[in-house]
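# Survey of secondary and tertiary structure
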Amino acid sequence: LEISPFIAGLPKVELHIHIEGTLQPALRWKLAQRNEVPLRFKDQEYNTYEALLESYRVTYNHRPELGGRKDVPTFLEAYFAGCEVLISEEDFYELAMDYLERCREMNVRYAEPFFDIQAHTRRGVPAEHVLNGYLRAQQDAAARYGVRSNWIFCFIRDEPVEDGEAAYETALPWARRPGGKGLFHAVGLASNAYERPPSLFADGFAKAKRDGLHVTTHCDFGQKDTHEHIRQAIFDVGVERIDHGLDVLDKEELMAGLVDKGIGLTLCPHAYHRRTATEVLFPKLRQLLDRGVKFCINSDDPVYMHDVWIDGNMEKAYHLAGLSKTEMLQLARNSVDMCWADEDVKKDIY
Ligand code: HPA
Ligand code: ZN
C-alpha cells in the first residue's frame, strides 16, 4: 500500500488507535527476551522471530466460511497475546514512544490513543507501570517530537463491570483534571462486544462525566446487536463520539440522532475492508459525507491489521471511496473538530 505525497503531507490527528495494537514484532521480540517471557499462543510457541512474524497472519474470527482456521489466532486473541511481554514501566514507555515517533513520521500532529489497563493488571502488572510509562512517553514525545496526545482509558467490556470501574478509580489520579497528572481525558469501551452493550457501563460512564472527562464507545461494524449498541450510545449513555458505528446508515432514527447531537464517528476503513467487499464498504463513506454525518479516518490496531497505519487508511478512503482532495482535507479537518484538545493545540494543526 503505497502512500502518496498528498496523503503523506496532510496534517493528521488520530482519534482511534489502541496503543497495545501498535506493539511491533521487533519490540515484542526484544521485550520477550528482556523479561524472559515465552512467546506463546495456546499450544504454539514462537521460538524464532520468523515464527513470531507468521503469527501476525491473524483471522477476523474462526468461521471457516470467512477463511478462519482454528489454529490461527483471532484478532483479539493475538492482540492480548502480544500484551504479555509488557511488564515494566520502561516497556510501556518504549511501546508508546515507538508509536509517537511514528506519528511524527506520518505527520500525525496530535493523537488520542486508547489504553487497556485491565489487559495488564489482570496479568499482575501494577497499574503504575502502565500509567507512568505512558505518562512519561506523553511528555517526552511532546517535547522531543512535537507530537501531543491526550489518552483514553478503556473499560474492557467482556470483563465484569465492577472490575472496569475499579480499574478506572485506580487510574483516576492520572487523569487530565485539576490536581491530576494529565495522561487521559476520556473514557471509552473496547474489546469483545458480544452481548456486552454500552448501557452495562452506564454508571462508569456517568462517573467519568462527573469527573470532568469525555466519553466515547466502540460500536463495532457488522456485529450482533450493533444498532441497539449505537442507540444506547447516542440516547442512553450520551457519548460524544462513536468508535466505528458504521452501521448507523441502516436506521434513519440513528442517523438523525448522530446529526442532531453532532456525534462524529472514528472510522477505520482497513479494519472493515478485511472482511467486507470493496463495493459494499466504500460507498458507505460517500453516503455518510452526503448525509452530513461527521467522521474521520483512523487505524485501530495497525500491527494486527497488516501494518496499515492511519496514512494507509486514508489512502484507501481516498482511492476506494473515490474522494476528492477537498473531501480528504475535509476529513482531516473533521478529526481536528472531533478531537478534545485545547483550542491552542487545535489552532496549531490547521
Ligand atoms: N475492537 C474492539 N476492541 C479492541 C480492538 C478492536 O479492534 N482493539 C483493541 N481493543
Ligand atoms: Zn478500536
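Residues numbered from 1 in each chain as written. Chains lettered and ligands numbered in written order. Predicted model: local features only at pLDDT ≥ 70, side-chain atom pairs only at ≥ 80, totals over all residues. Heavy atoms only, no water.

## As for the coordination of the zinc ion (ligand 2)
Looking at the metal site, the zinc ion (ligand 2) is ligated by His-16 (NE2), His-18 (NE2), His-218 (NE2) and Asp-300 (OD), spaced 2.1 to 2.2 Å from it. One way to put it: the four donor atoms around the zinc ion (ligand 2) meet at angles of 83 to 174°, and that makes the site irregular. Between consecutive donors of the zinc ion (ligand 2), the numbers of intervening residues give the motif H-x1-H-x199-H-x81-D. Here His-16 is found in the loop between strand 1 (12-14) and helix 2 (25-35), whereas its partner Asp-300 is found in the loop between strand 12 (295-297) and helix 14 (310-320), with 284 residues between them in sequence. (Donors = N, O, S within 2.8 Å, 3.2 Å for Na, K, Ca; no water. Tetrahedral: all angles 85-135°; square planar, octahedral: opposite > 155°, others 65-115°. Helix = DSSP H or I, 4+ residues; strand = E, 2+ residues; numbered from the N terminus.)

## Quick look at the environment of Gln-330
Structurally, Gln-330 can be placed in helix 15 (residues 325-338). Separated by 121 residues in sequence, Gln-330 and Lys-209 have C-alpha atoms that sit 29 Å apart.

## Some details on unusual backbone geometry
Unlike most non-glycine residues, Glu-195 shows phi in positive territory, near 55°. You can see Glu-195 is positioned in the loop between strand 8 (184-190) and helix 9 (202-210). A positive phi angle, near 60°, is found at His-306, a position not held by glycine. Within the secondary structure, His-306 sits in the loop between strand 12 and helix 14.

## Looking at the side chain of Thr-266
Mapped onto the elements of the fold, Thr-266 is located in strand 11 (residues 264-267). At 3.0 Å, the side chain of Thr-266 and the side chain of His-16 are in polar contact. Those residues in contact with Thr-266 that sit more than four places away from it in its chain are Leu-15, His-16, Arg-241, Ile-242, Asp-243, His-244, Tyr-272, Cys-296, Asn-298 and Met-338. (Polar contact = N/O pair within 3.5 Å; in protein donor to acceptor, adjacent residues only side chain to side chain. Contact = heavy atoms within 4.5 Å.)

## A few points about the nonpolar core
One broad trend across soluble globular proteins is that nonpolar side chains are buried collectively. Counting 107 residues, the largest nonpolar core has Phe-115, Tyr-134, Phe-153, Phe-184 and Ile-242 as the members making the most contacts within it. With residues up to four places along the chain from it excluded, the contact list for Phe-115 reads Ile-19, Glu-20, Leu-131, Tyr-134, Trp-151, Ile-152, Phe-153, Cys-154, Leu-183 and Phe-184. Grouped together as the second largest cluster of nonpolar side chains are 10 residues, Leu-15, Val-336, Met-338 and Cys-339 included. (Core = buried A, V, L, I, M, F, W, Y, C linked by side-chain atoms within 4.5 Å. Buried < 20%, exposed > 50% of the residue type's maximum accessible area, 1.4 Å probe, protein only.)

## Focus on the sheet that holds strand 10 (residues 241-244)
Taken in spatial order, the seven strands line up as 5-7-8-9-10-11-12 in an open sheet, and their pairing is parallel. Single-partner strands in this sheet number two, and they are strand 5 (114-115) and strand 12. Where strand 5 meets strand 7 (residues 151-156), two bridges bridge the pair, whose relative direction is parallel. Each bridged residue has a counterpart across the sheet, and for Phe-114 the counterpart in strand 7 is Ile-152. (Pairing = 2+ DSSP bridges.)

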